[in-house]
Amino acid sequence: MQQKIKIEIDGKQIITQQEKTILEVAQENGIEIPHLCSDNRLLPYGACRLCIVEVEGEKKPVASCCYPVYDGMKVFTNTKKIQELRKITLELLISDHPLDCIICEKSGECLLEKYAYEYGIKEVKFTGEKSKRTQKDGTPFIIRDYNKCILCGMCVRVCSEIVSSDAIDYKNRGFNVEIISGFDEPLKDTECIFCGNCIEVCPVGALREISAERKGRSWEYKKVESVCPYCGVGCGVVVYVKDNQIVKIKGQKDSPVNKGFLCIKGKFGFDYVHSESRLKTPLIKQNGKFIETSWQEAVEVIYQKLKFYKETYGADSIAAIASAKCTNEENYLFQKFFRVVIKTNNIDHCARLCHAPSVVALNETLGSAAMSNSLEEIEKYSDCIIVVGTNVSETQPVTFYRIKKAKNRGAKLIVIDPRRIDLAKIADVYIQPRYGSDIVVFNALAKIIVDEKLYNEEFISLQVEGFDEFKQYIEKFDLSEVEKIANVKIEDLRKVAQLYAKSTTSIILWSMGITQHTTGTETVFAISNLALLTGQVGKKGSGLAPLRGQNNVQGACDMGCLPSFYPGYNKVIDKTTIEKFETFWNEKGLPDKPGLTMTEMFENINTGKIKAMYILGEMPLIAEPDTSNLRKSLEKLDFLVVQDIFFTEVCEYADVVLPALCSYEKEGTFTNTERRVQAIQKCVENKTLAKTDWEIIQLIANRFGYNWNYKTVWDILEEINSTVEIYKGITPKRLLSKEKIQWPCPSEDHPGTETLHIGKFKRGKGLLKIVTYKPPAELPDEEYPFLLTTGRILQEYHSRTMTSKVKGLKEIVKEPYFIMNKTDAEKLKINESDTVKIVSRRGTVVLKAKLSNNIQQGTIFIPFHFYANILTHSELDKYSKTPEFKVCACRLIPANSDAGTESG
Amino acid sequence: MEEKLKEIIDVIRINKLSYLEILQLLQEKFNFVPMDYLNKICEMLEIPKSKIYGILTFYSQFSTNERGKYLIRICDGTACHVKGATKLIEMLKRNYHLEDGKTTQDKKFTLQVVACLGGCFLAPVCMINSHYHGSLDENKLKNILESLK
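Quick caveat: nothing in here was measured; it's all calculated off a predicted structure.

1. Some remarks on the overall build of chain A
For step 1, the next point in the chain: Counting secondary structure elements, chain A contains 29 helices and 39 strands.
For step 2, the next point in the chain: Relative to its length of 904 residues, chain A is compact, with a C-alpha radius of gyration of 28 Å against a globular reference of 29 Å.
For step 3, the next point in the chain: Of all 904 residues assigned to chain A, the portion counted as buried reaches 56%.
For step 4, the next point in the chain: Here the analysis covers contacts within chain A between residues at least 6 apart in sequence; of these, 72% occur between residues at least 24 apart.

Written as structure tokens, this is what we have:
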């Protein structure tokens, strides 16, 4: 506990803690001290000298941003002397700053302008030589107008301390100092990842968004708070709108999720909203061609067809895929439609392709599968962070910033990944196992923990079951298997086991690298074992963190868009579930058998069991494995409805295509990876015929004779409050007054739950599971000598439906590519950017080569956004039915044609 | 270049050189810091380019242009200026076509006009590589330069 101390600022008595600066304490107490180079999210720097104050007993004024408080301290922030000095500092700054404020984009938000106004600086007192800083190339997203730079270093520090790119720094010294990137090169030729956080912290007009140039000034914009539509972090954003156009997006500084920081997609990836190719009216296929139609007709066709298949082949001949990109309310209504109106549990969504193994495994071992801790906890409290099978700096950049800050604080970072991902650069221990060998690695860690008595006896006796059997099994585990199977040194694992077990708080983060295997669920069992053995769960900063992929994949699961769960994880097979929901929904005969998973649905099209399908905001032709086969299945479907914001490739197979609104055009809620439910606000008006997804579903339900009467999305949330226990206290009223609440939240006066599993697991005691290693389903052989692995990249999102419409992103990732090892490339005489044909047993893709030593020899990596799934196979994890996207075999043929795709 | 680069990278790795020391090693080896080498070193050792470039441009001991065999640092600080440093600089321009920051065509001399060499008591003073020469006049400086091979 930090000691409480008493200080006085401008005569005001303040009780505070040691280890804070004067500026921090002043800000906390509403005393404003001007400053240009200080930001609570960054380390103190003390460059601008504007925050000087007088401290009793000190001869000279001190910089309040760097000066720690002590007991009995007396501070004066605004004496005449201080005012004079600040004025001189401002005059000096302004003497080397262009006074073109009347045409400056930053006007109204510029701090220099604000302080100059407050201190009444009318003229430039100091004349003389001016610095010759000029504009530098920041395309495709950033204007770097260094003419206006005041050298506060905020951009340099955010790039280094938070983003860890180190793309920019100071050049020269004295009067000639300027900010440069790389060896003074255009930004796009350097390490810059275009997160735009330098713009977020720039106090003046030196760094700006290209998208907003000459589009308007601060006070002309409508500023709407919403949530980023991309990954599972769910960053708070402020959308700047003028004339119904999104002009730029900024981070929401007071968001508990991202504290104002964003990544390239959240900051710059919004062009798709206003894209000309958005779906504008419902479409119906007639004689193989799509024609525009009215809502009435589209709904009528859907009604007639679904009714026909339901009556002729039974409700289970119809299947539905929900969307992790739609709101909670829309997903709730979507599954309600299929359960109440159609009466099938054949509903699933893309969680099947990513974290279903985590959901299955953690539900079994702990009773609740969501991420157990908040992102803030990782940054503030976790002392040991294991990052395994997740390239977090590309897939959840803002979570990566948190890890980086934890690292700056002194936390130990362990990275386990077959690819040497960027995060490995800052890791204390980096382990590079072979693909699909994670179970051996975790079993070995468990064995070391047991052998060296690093386990937490008290925790086990109170909260864990199955320890004796587990101990017996693991004691017999042969450690030498680790070197043989995983190619990992036992000594390295000893280090990891020690760090993990002995740290006060340890957390394990993972994603697709663990789950997208035929042993996905078992690998998560093995991870859960470590937490249960050591008691590294149920504490602030300690726990298990499956990092969710899409912005509302957590919510879509919570809302019951799963074939074996009704909303709120009520199991289909429990009789009480059906009774409960029959009462809630006032409907008899709800389906009481688990439905088909997404992967099974496509199989069952081939067998003729599934006749009709309804796809909501999902593009299976990129996301599903073995897509050539999938195309054949889709062709066999009798009836397909696709509801989306764009005419995606899967629409080609549809009979009816319905235009939906995107998240910046509607209201509702998203639930992020840390279980935080946040409201989104309407930023722009869509003037086409497109509707919100929930309105469309309601239209169809009512055509079926139901009398649904949700007037706004908030009516649906109120229903969720009464049917989903964990969302009970997360009411529209609270969310609309800007609360962002983590479930479970059992009542309206409950603050929400930051940390799960404190004191007790949902299932009672935590369960240790014995797991054994099984190799991946398809490994390289003579005919297909390369191991192909897939994954996400920073600049693209999922099936590229949205990101492919963003001009700037296309300038950064110009063409589809794959990554291969440099030594392999030399052997095959493949050079950087050469076109290569990649062939697996399922198909062929043609891509440009990128060479890197960060990938093991004999292995290639294809970003899954680029049709990698033409090559992958559809072997499933037997528990969760998740495909093994992470390992298959392929061969490479250097080719001379252009990059593109071909299936076959 | 490949072999030389490998050798340099080994030295850096074995001695765990700091960014500053890497630059000093290059400057010492080549008499300037060749950017193509620095670029490769950054790539191979995963050093952020901006960070090392910041250091490179901060210190005047580093040069990114090829320097002559002899670096003449001539002081034009207050004491030296008063004692006639300007005349020395003019002489170098006249006789050797040297200007601040420039190198003679035969790559023998490079001139740097600096603000202080910490030898005011010897004013006017210059440094040629690591040697000080004080109480200079035009002739004395000329003789020194002529004597250098």
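2. Quick notes on the interface of chain B and chain A
For step 1, the next point in the chain: Across the contact, ten residues belong to chain B and 16 residues belong to chain A.
For step 2, the next point in the chain: Counted by class, the side of chain B that touches chain A contains four nonpolar, three polar and three charged residues.

3. Quick notes on the pairing of strand E18 (residues 384-388) of chain A
Residues and elements named next belong to chain A.
For step 1, the next point in the chain: Of all five residues making up E18, five are buried, and the element is well covered by its neighbours.
For step 2, the next point in the chain: Here E18 shows two buried faces, one formed by Cys384, Ile386 and Val388 and the other by Ile385 and Val387.
For step 3, the next point in the chain: Pairing geometry for E18 and strand E19 (residues 412-416), over five bridges, is parallel. Bridge assignment links valine 387 to a residue of E19, and that residue is valine 415.
For step 4, the next point in the chain: As judged from the five bridges shared by E18 and strand E22 (residues 506-510), these two strands associate in the parallel manner.

4. Brief notes about the nonpolar core
For step 1, the next point in the chain: Among the nonpolar cores identified, the biggest contains 298 residues, and Cys155, Ile385, Leu445 and Ile508 of chain A are the most heavily contacted of them.
For step 2, the next point in the chain: Here this core gets nine residues from one element, more than from any other, and that element is helix H13 (residues 438-451) of chain A.
For step 3, the next point in the chain: Isoleucine 508 of chain A has contacts with Ile386, Val388, Ile527, Leu530, Ala531, Leu544 and Ala545 of chain A, leaving out every residue within four places of it along the chain.
For step 4, the next point in the chain: In terms of nonpolar packing, the next biggest core, distinct from the first, is built from 16 residues, Ile72, Ala85, Leu111 and Leu136 of chain B among them.

5. Considerations on the domain arrangement of chain A
All names here are of chain A.
For step 1, the next point in the chain: As assigned here, chain A comprises domain 1 (4-78), domain 2 (283-354 + 552-742), domain 3 (374-546) and domain 4 (786-902).
For step 2, the next point in the chain: Listed as interface residues are 15 residues of domain 2 and, on the opposing side, 18 residues of domain 4.
For step 3, the next point in the chain: If you list the elements that add at least two residues to the side of domain 2 that touches domain 4, you get helix H22 (598-606), helix H23 (620-623) and helix H24 (627-636).
For step 4, the next point in the chain: Looking at the side of domain 2 that touches domain 4, its residues break down into six nonpolar, five polar and four charged.

6. Quick notes on the sheet that holds strand E3 (residues 126-128) of chain B
Residues and elements named next belong to chain B.
For step 1, the next point in the chain: As summarised here, the arrangement of the four strands in space is E2-E1-E3-E4, forming an open sheet in which the pairing is mixed. This sheet does not close on itself; its edge strands, each paired only once, are strand E2 (109-114) and strand E4 (131-133). If you compare each strand with its neighbour and ignore which way they point, the axes differ by 20° on average.
For step 2, the next point in the chain: The sheet contact formed by E3 and E4 spans three bridges and is antiparallel. Bridge pairing in E4 places cysteine 126 opposite histidine 133.
For step 3, the next point in the chain: Each of strand E1 (70-75) and E2 is contacted by helix H6 (residues 85-96), which is oriented at about 145° to E1, the strand it contacts most.

7. Digging into helix H4 (residues 49-58) of chain B
Since one α-helical turn is 3.6 residues long, residues separated by three or four positions face the same way.
For step 1, the next point in the chain: Extensive coverage of H4 of chain B is indicated by the burial of seven of its ten residues.
For step 2, the next point in the chain: Taken together, the buried positions of H4 of chain B are Lys49, Ser50, Ile52, Tyr53, Gly54, Leu56 and Thr57 of chain B.
For step 3, the next point in the chain: For H4 of chain B, the elements touching its buried residues are strand E8 (168-171) and strand E9 (178-181) of chain A together with helix H2 (19-30) and helix H3 (35-45) of chain B.

8. What to know about H22 of chain A
All names here are of chain A.
For step 1, the next point in the chain: Among the residues making up H22, those that are buried are Met598, Thr599, Met601, Phe602 and Ile605. Across the axial projection of H22, the buried residues extend over an arc of 160°, all falling on one side.
For step 2, the next point in the chain: Of the residues one or two after H22, glycine 608 is the one with positive phi, at around 85°.

9. Overview of the confidence of the model for chain B
Residues and elements named next belong to chain B.
For step 1, the next point in the chain: When the pLDDT values of chain B are averaged, the result is 92; 100% of them are 70 or greater.
For step 2, the next point in the chain: Confidence scores differ between elements of chain B, with E2 showing the lowest mean pLDDT of 91 and H4 the highest of 96.
For step 3, the next point in the chain: Reported confidences for the modelled complex are a pTM of 0.92 and an ipTM of 0.87.

10. Let's talk about the pairing of strand E33 (residues 786-791) of chain A
In the case of a regular strand, side chains alternate between the two sheet surfaces.
Residues and elements named next belong to chain A.
For step 1, the next point in the chain: Judged by how many residues are buried, E33 sits mostly within the fold: six of six residues are covered.
For step 2, the next point in the chain: Residues Phe786, Leu788 and Thr790 line one face of E33 and the alternating positions Leu787, Thr789 and Gly791 line the opposite face, and both faces are buried.
For step 3, the next point in the chain: In this structure, E33 lies alongside strand E37 (residues 859-863), joined through five bridges in parallel fashion. Note that in E37 the partner of glycine 791 across the bridge is proline 863.

11. Regarding the environment of valine 114 of chain B
Residues and elements named next belong to chain B.
For step 1, the next point in the chain: Assignment of secondary structure puts valine 114 in strand E2.
For step 2, the next point in the chain: With twelve residues separating them in the primary sequence, valine 114 and cysteine 126 have C-alpha atoms 9.2 Å apart.
For step 3, the next point in the chain: Aside from chain neighbours lying at most four places away, what touches valine 114 is Arg73 and Cys75.

12. Topic: the packing of helix H7 (residues 295-313) of chain A against helix H25 (residues 693-703) of chain A
All names here are of chain A.
For step 1, the next point in the chain: Contact geometry of H7 with H25 gives a least axis separation of 10 Å together with a crossing angle of 60°. When the axis of H7 is compared with that of H25, the two are oblique. For H7 against H25, the interelement crossing comes out right-handed. Packed against H7, whose contacting residues are Trp295, Val299, Ile302 and Tyr303, the element H25 presents Leu699, Ile700 and Arg703 at the interface.
For step 2, the next point in the chain: Split by residue class, the contact of H7 with H25 holds six nonpolar, no polar and one charged.

13. What to know about the sheet that holds strand E11 (residues 222-227) of chain A
Residues and elements named next belong to chain A.
For step 1, the next point in the chain: Pairing is antiparallel across the open sheet formed by three strands, whose spatial order is E11-E12-E13. Where the open sheet ends on each side, the last strands, each with one partner, are E11 and strand E13 (245-251). Averaged over all neighbouring strand pairs, the angle between strand axes comes to 30°, with direction disregarded.
For step 2, the next point in the chain: Pairing analysis gives six bridges linking strand E12 (residues 236-242) to E13, with the strands arranged antiparallel. Residue pairing for E13: valine 239 is matched across the bridge by isoleucine 249.

14. A look at the environment of isoleucine 7 of chain A
Residues and elements named next belong to chain A.
For step 1, the next point in the chain: Take isoleucine 7: it is sitting in strand E1 (residues 4-9).
For step 2, the next point in the chain: The exposure class assigned to isoleucine 7 is buried, which follows from the 22 C-beta atoms found within 10 Å.
For step 3, the next point in the chain: Note: C-alpha distance between isoleucine 7 and valine 25 (18 residues apart in sequence) is 9.4 Å.

15. Examining the packing of H6 of chain B against helix H7 (residues 138-147) of chain B
Residues and elements named next belong to chain B.
For step 1, the next point in the chain: Axis separation between H6 and H7 bottoms out at 9 Å; the angle between their running directions is 45°. The angle between H6 and H7 falls in the class oblique. Handedness of the H6/H7 crossing: right-handed. Across from Lys87, Leu88, Met91 and Asn95 in H6, the residues of H7 making contact are Glu138, Leu141 and Lys142.

The rules behind each value
- Residues numbered from 1 in each chain as written.
- Chains lettered and ligands numbered in written order.
- Predicted model: local features only at pLDDT ≥ 70, side-chain atom pairs only at ≥ 80, totals over all residues.
- Helix = DSSP H or I, 4+ residues; strand = E, 2+ residues; numbered from the N terminus.
- Rg over C-alpha atoms; globule rule 2.2 N^0.38 Å.
- Buried ≥ 20, exposed ≤ 12 C-beta atoms within 10 Å, placed from the backbone.
- Contact = placed C-beta atoms within 7 Å.
- Nonpolar A, V, L, I, M, F, W, Y, C, P; charged D, E, K, R; others polar.
- Pairing = 2+ DSSP bridges.
- Core = buried A, V, L, I, M, F, W, Y, C linked by C-beta atoms within 7 Å.
- Domains from an automatic or database assignment.
- Axes fitted to C-alpha atoms, helices over the stretch in contact; angles between N-to-C directions.
- Arc of directions from axis to C-beta.
- pLDDT = per-residue confidence, 0-100.
- Parallel < 35°, antiparallel > 145°, perpendicular 65-115°, else oblique.
- Left-handed = near helix turned anticlockwise from the far one by under 90°.

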